[in-house]
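Next come the chains, spelled out residue by residue.
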Amino acid sequence: MRLIKHPILCNYYLTYRCNAKCGFCDIWEKPSPYVNVETARKNLVDLRKLGVKVIDFTGGEPLLHREIDALLELAKEMGFITTLTTNCLLYPKLAEKLKGKIDMLHFSLDSSDKYEHDQMRGVECFDFVMESIRVAIDLKERPDILFTVFENNTDQIKEVYEKICIPNDLVLILNPAFSYNEIESGPPLSGETLNLLESWARKKNVYLNEAFVELRKDGGNKVDDPICKAASTTLVISPENELVLPCYHLGEKSFPIDNNLRVLYHSDEVQKLVALEGRLPACQGCTINCYMQPSFAVEVNKYWFKALRSTIKYNRIKGTWTKLLNF
Ligand code: SF4
Ligand code: SF4
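Residues numbered from 1 in each chain as written. Chains lettered and ligands numbered in written order. Predicted model: local features only at pLDDT ≥ 70, side-chain atom pairs only at ≥ 80, totals over all residues. Heavy atoms only, no water.

(A) Spatial organisation of the site of ligand 2. Taken together, the residues surrounding ligand 2 are Asn221, Cys228, Ala230, Pro246, Cys247, Leu250, Gly278, Cys283, Cys286 and Tyr291. Grouping the constituent residues of the shell around ligand 2 by class yields 8 nonpolar, 2 polar and no charged. (Near = heavy atom within 4 Å. Nonpolar A, V, L, I, M, F, W, Y, C, P; charged D, E, K, R; others polar.)

Below is the structure:
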């Protein structure tokens, strides 16, 4: 049973540029412009009319956008829940300007070992993450640690939790790695690792969407009976001001928005692609968290039940429930 039929999330790509070079990501290789603030303002008005509740300002590295504070402010003024994930290289410098503008602020950290984290990220950013935690806490911000789980860093979950999250009262978000296109995130997570992840789900200050684990155990999305609702739950806007369908990672087709996002989204051409979400050949076995998370939220099925506990837990900690309900 489908509970919500309108889109609920916008992944707003502010730029594809990035100041890190993570081995499991190819986005930083793309040439890219930056989003124009006035254009974004018009899109946000339409996103609101389309029923979107959450704006994820993403990239690339979203803090590379020189007017990131203005973009966040616009979204907040319009009543959206805002979320942003950063590699932290620029956060200490910008923290004052960003204060109070990000509801769900995530710092990427995949190891408590400086060398290991920096190796994975391709640049020296570990010290910036530590500095960002200090700065954010001083400003009374509540960042979360976003830990991407690979087969080779599972030993670091406990280390990051005990050495960094618990002493600073930060939520540890466990984000199982996923592969897409030609980008490999190492071997798929083994049954042992998936069981280990589940054992972390109920610990204090840990957020793990158990439906992510369940989907991997089931072999991912199935094209003949898709769980993916990427295009009907999530709008992807590119730095070139295009609507990308059915999801960023597949990027089958992009449509220029031309100040008309709402009309464009409802057009036959776009809706034909929306109907193909999860059904294209590349969709077989897909586990891309960015789209599966909203997909789990809109239809009652076993993944919806699996996701429910962690969703309630996280929104209670972050205080975002009331906002979701009152939008
Ligand atoms: S910080 Fe994010 S966008 Fe940049 S290279 Fe790493 S994963 Fe990609
Ligand atoms: S199954 Fe994966 S690749 Fe296919 S539309 Fe959904 S998120 Fe994109």
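(B) Molecular detail of the side chain of Asn289. In this structure, Asn289 sits in helix α12 (residues 289-298). Asn289 gets classed as buried once you look at its relative accessible area, which sits at 4%. Among the polar contacts made by the side chain of Asn289, one reaches the side chain of Asn175 at a distance of 2.7 Å. At 2.8 Å, the side chain of Asn289 and the backbone oxygen of Pro176 are in polar contact. (Helix = DSSP H or I, 4+ residues; strand = E, 2+ residues; numbered from the N terminus. Buried < 20%, exposed > 50% of the residue type's maximum accessible area, 1.4 Å probe, protein only. Polar contact = N/O pair within 3.5 Å; in protein donor to acceptor, adjacent residues only side chain to side chain.)

(C) Inspection of the sheet that holds strand β3 (residues 81-86) at higher detail. Pairing within the open sheet is mixed, and its 10 strands lie in the order β7-β6-β5-β4-β3-β2-β1-β8-β9-β10. Strand pairing shows two members of the sheet lacking a second neighbour, β7 (206-207) and β10 (253-256), which therefore form its edges. Pairing of β3 with strand β4 (residues 104-108) involves 4 bridges; the strand directions are parallel. By the bridge assignment for β4, Thr85 is matched with His106. In the packing of α12 onto the sheet, contacts are made with β1 (9-15), β6 (171-176), β7 and β8 (234-237), and the angle to β1 comes to roughly 160°. (Pairing = 2+ DSSP bridges. Contact = heavy atoms within 4.5 Å. Axes fitted to C-alpha atoms, helices over the stretch in contact; angles between N-to-C directions.)

(D) Looking closely at empty space enclosed by the protein. Counted according to the given criterion, the structure contains 1 cavity of 30 Å³ or more. In this structure, the largest cavity spans a volume of roughly 40 Å³. As for the largest cavity, its lining consists of Ala231, Thr234, Leu235, Val236, Leu243, Val244, Leu245, Pro246 and Tyr265. Mapped onto the lining of the largest cavity, the elements with two or more residues apiece are β8 and β9 (242-245). The class makeup of the residues in the lining of the largest cavity is 8 nonpolar, 1 polar and no charged. (1 Å grid on protein atoms, 1.4 Å probe; cavity = no way out; pocket = protein on both sides within 12 Å on 5 of 7 lines; lining within 4 Å. Points joined across faces, edges and corners; volume = space filled by probe spheres on them.)

(E) Fine view of the site of ligand 1. Around ligand 1, the neighbouring residues are Cys18, Ala20, Cys22, Phe24, Cys25, Ile27, Trp28, Gly60, Asn87 and Arg121. Residue classes in the shell around ligand 1 are distributed as 7 nonpolar, 2 polar and 1 charged.

(F) Structural detail: the packing of helix α7 (residues 191-200) against helix α8 (residues 210-217). The geometry of α7 relative to α8 is characterised by a closest axis approach of 10 Å and an angle of 160° between their N-to-C directions. Considered as vectors, α7 and α8 are oriented roughly antiparallel to each other. α7 and α8 meet at a crossing whose hand is left-handed. Along its contact with α7, which presents Leu194, Asn195, Leu197 and Glu198, the element α8 presents Val213, Arg216 and Lys217. (Parallel < 35°, antiparallel > 145°, perpendicular 65-115°, else oblique. Left-handed = near helix turned anticlockwise from the far one by under 90°.)

(G) Seen up close, the pattern of salt bridges. In the structure shown here, the tally under the stated rule is 16 salt bridges. Salt-bridge contacts for Glu131 lead to Arg134; the nearest nitrogen and oxygen are separated by 3.0 Å. Of this pair, Glu131 and Arg134 both sit in helix α5 (residues 126-138), 3 residues apart, roughly one helical turn. The class for Glu131 is partly exposed, based on a relative accessible area of 31%. Lys163 is the salt-bridge partner of Glu159, the closest N and O atoms lying 2.6 Å from each other. Of this pair, Glu159 and Lys163 both sit in helix α6 (residues 155-168), 4 residues apart, which is roughly one turn of that helix. On the basis of relative accessible area, Glu159 is assigned to the partly exposed category, the value being 28%. Exposure remark for Lys163: the relative accessible area of 54% places this residue in the exposed category. Taken together, the salt bridges that share partners define one network made up of Lys114, Asp118 and Asp127. (Salt bridge = Lys/Arg side-chain N within 4 Å of Asp/Glu carboxyl O.)

(H) A look at helix α3 (residues 91-98). Residues of α3 that are buried: Tyr91, Leu94, Ala95 and Leu98. Angular distribution of buried residues about the axis of α3 spans 140°; they occupy a single face of the element. Looking at α3, the residues exposed on the side facing more than 90 degrees away from the buried face are Lys93 and Glu96. At the C-terminal side of α3, Gly100 shows a positive phi close to 80°. (Arc of directions from axis to C-beta.)

(I) Examining α8 more closely. For α8, the buried fraction is high: 7 of the 8 residues fall into the buried class. Buried residues along α8 sit in contact with β6, α7, α12 and α13 (302-318).

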